[in-house]
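So you can see what is in the structure, the chains are spelled out below.
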Amino acid sequence: MAGKLSPSVMCADLLKLYSEIEKLDKLGVEYLHIDFMDNKFVPNITFDTNMVKNMKRPMKNIRRDIHIMAFEPQQFFDNMEISEGDMVSVHLEACEDVHAVLKEIKDRGADPCIAISPDTPVESVSEYLDEVYAVLLMTVYPGFAGQPMAPKSMERLSSLRKLIDESGKDVLIEVDGHVSWDHCSEMRSRGADIFVAGSSSVYGKDYELKDAVEKFYSLVE
Ligand code: DX5
Ligand code: ZN
């Protein structure tokens, strides 16, 4: 399977959000990465649930890749209208009952994913591999765009890939944070499948969106 792209919409020009999503959809990009933050699990706020819900409006083929950086994320599922076609990542560190939250995502017809922050051992996802579509490996500390890569991220990525392969489960890896032009090919070779592209690549300052997307796909095929 070729690498899939999930541009991080918090890095886009938010005053042109509708047309930004339409452009990505027309370019055939698979996912739109939507970071939702509660200002508790992470010291930042991005979009409210109503915005996350309305981002579906311009979408024809592109799908929501919703990354919920919030405690007890299930409280937001109704207002976000989580449903079939969505990919939803919840943080292992933020849920009282991770199994129940993953089940609720699945019961809504969406693809459940488990996210782990840089200080959480990759082995901690082992017990969830039967219940998830993907593991979201944070390669920066969650909360802000534009950060440097967290230490040992590349080694963690290889360890996670090895752990999943040895489990025999068909689980993808999404990498999120400083997925830069320089890093994305190595991330691909170490086993990443879905790439959250933000300020360090697709939404960097030097490229037209179309050219940036084409360049990214050439680096992760
Ligand atoms: C950070 C977010 C990332 C971020 C990626 O908490 O989850 O999606 O926006 O952007 P860059 O590429 O700037 O790290
Ligand atoms: Zn994210």
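How each quantity is defined
Residues numbered from 1 in each chain as written. Chains lettered and ligands numbered in written order. Predicted model: local features only at pLDDT ≥ 70, side-chain atom pairs only at ≥ 80, totals over all residues. Heavy atoms only, no water. Salt bridge = Lys/Arg side-chain N within 4 Å of Asp/Glu carboxyl O. Helix = DSSP H or I, 4+ residues; strand = E, 2+ residues; numbered from the N terminus. Buried < 20%, exposed > 50% of the residue type's maximum accessible area, 1.4 Å probe, protein only. Near = heavy atom within 4 Å. Polar contact = N/O pair within 3.5 Å; in protein donor to acceptor, adjacent residues only side chain to side chain. Areas by Shrake-Rupley, 256 points an atom, 1.4 Å probe, with all protein chains shown as cover. Donors = N, O, S within 2.8 Å, 3.2 Å for Na, K, Ca; no water. Axes fitted to C-alpha atoms, helices over the stretch in contact; angles between N-to-C directions. Left-handed = near helix turned anticlockwise from the far one by under 90°. Contact = heavy atoms within 4.5 Å. Nonpolar A, V, L, I, M, F, W, Y, C, P; charged D, E, K, R; others polar. Pairing = 2+ DSSP bridges. Right-handed = clockwise from strand over helix to strand, strands pointing away. Arc of directions from axis to C-beta.

Participant: Teacher, can you tell me more about the pattern of salt bridges here?
Facilitator: Pairing is possible between side chains that carry opposite charge, provided their charged atoms lie close to one another. Under the defined criterion, the tally for this structure stands at 14 salt bridges. A salt bridge links Arg 64 to Asp 86, with the shortest nitrogen-to-oxygen separation between them at 2.6 Å. Of this pair, Arg 64 sits in strand 3 (residues 63-69) while Asp 86 is found in the loop between helix 3 (77-80) and strand 4 (87-91), placing the two residues 22 residues apart along the sequence. Asp 86 carries the same exposure label as Arg 64, and that label is buried. When salt bridges that share partners are traced, they join Arg 161, Asp 165, Arg 188 and Asp 193 into one network.

Participant: In this structure, what is going on with the site of ligand 1? I would like to understand it.
Facilitator: Around ligand 1, 21 residues are found, and the nearest of them are Asp 35, Gly 143, Gly 146, Asp 176 and Ser 199. Note that an oxygen atom of ligand 1 is positioned 2.8 Å from one of the side-chain N or O atoms of Asp 35. Ser 200 is positioned with one of its side-chain polar atoms (N or O) 3.0 Å from an oxygen atom of ligand 1. Contact with the protein chains covers 100% of the free accessible surface of ligand 1, which is 380 Å². Broken down by secondary-structure element, the contributors of at least two residues to the shell around ligand 1 are strand 2 (31-37) and strand 3. Here the shell around ligand 1 takes three residues from strand 2, the largest share from any one element.

Participant: Looking at this structure, I do not really get the coordination of the zinc ion (ligand 2). What am I missing?
Facilitator: Those protein atoms acting as donors to the zinc ion (ligand 2) are His 33 (NE2), Asp 35 (OD), His 67 (ND1) and Asp 176 (OD), and they sit at 2.0 to 2.3 Å. Counting gaps between the donor residues of the zinc ion (ligand 2) yields the pattern H-x1-D-x31-H-x108-D. Within this pair, whereas His 67 is found in strand 3, its partner Asp 176 is found in strand 7 (residues 172-176), the two being separated by 109 residues in sequence. Judged on exposure class, the residue His 67 and its partner Asp 176 are both buried.

Participant: Which parts of the structure should I look at to understand the packing of helix 6 (residues 181-189) against helix 7 (residues 209-220)?
Facilitator: Packing of helix 6 against helix 7 leaves a shortest axis separation of 8 Å and a crossing angle of 35 degrees. Seen along the crossing, helix 6 lies across helix 7 with a hand that is right-handed. On helix 7, the residues touching Trp 181, Cys 184, Ser 185 and Arg 188 of helix 6 are Ala 212, Lys 215, Phe 216, Leu 219 and Val 220. Its residues assigned to classes, the contact of helix 6 with helix 7 shows six nonpolar, one polar and two charged.

Participant: Looking at this model, I keep getting lost on the sheet that holds strand 6 (residues 134-138). Mind explaining?
Facilitator: Pairing between sheet strands relies on hydrogen bonds along the backbone, with the strands arranged either parallel or antiparallel. Across the sheet, which stays open at both edges, the eight strands sit in the order 1-8-7-6-5-4-3-2 with parallel pairing between neighbours. The sheet is open, and its two edges are formed by strand 1 (4-7) and strand 2, each paired on a single side. Averaged over all pairs of adjacent strands, the angle between their axes in this sheet comes to 25 degrees, without regard to strand direction. Alignment of strand 2 against strand 3, held across seven bridges, turns out to be parallel. The residue of strand 3 that forms the bridge with Tyr 31 is Arg 63.

Participant: How should the pairing of strand 3 be read in this particular structure?
Facilitator: Where burial is concerned, most of strand 3 is hidden: six out of the seven residues are buried. Note that the unit made of strand 2, helix 2 (residues 49-54) and strand 3 has a crossover that is right-handed. Taken together, the four bridges between strand 3 and strand 4 define a ladder with parallel strand orientation. Looking at strand 4, one finds that His 67 is bridged to Ser 89.

Participant: Is there a simple way to explain the environment of Met 87 in this structure?
Facilitator: Tracing the backbone through its elements, the reader meets Met 87 in strand 4. Met 87 sits 60 residues away from Gln 147 along the chain, and the two C-alpha atoms are 24 Å apart. Not counting residues within four places of it along the chain, the set of residues in contact with Met 87 comprises Tyr 31, Arg 64, Asp 65, Ile 66, Asp 111, Cys 113, Tyr 133, Glu 174 and Ile 194.

Participant: How should helix 1 (residues 17-26) be read in this particular structure?
Facilitator: Three- or four-residue spacings in an α-helix give side chains the same orientation, since the helix completes a turn every 3.6 residues. Those residues of helix 1 lying buried are Leu 17, Glu 20, Ile 21, Leu 24 and Asp 25. Down the axis of helix 1, the buried side of the element spans an arc of 135 degrees, and every buried residue falls inside it. Where helix 1 is buried, its residues meet strand 1, strand 2, helix 2 and helix 7. Just beyond helix 1, the residue with positive phi is Gly 28, at close to 80 degrees.

Geometric descriptors of this kind do not, in isolation, establish any biological role.
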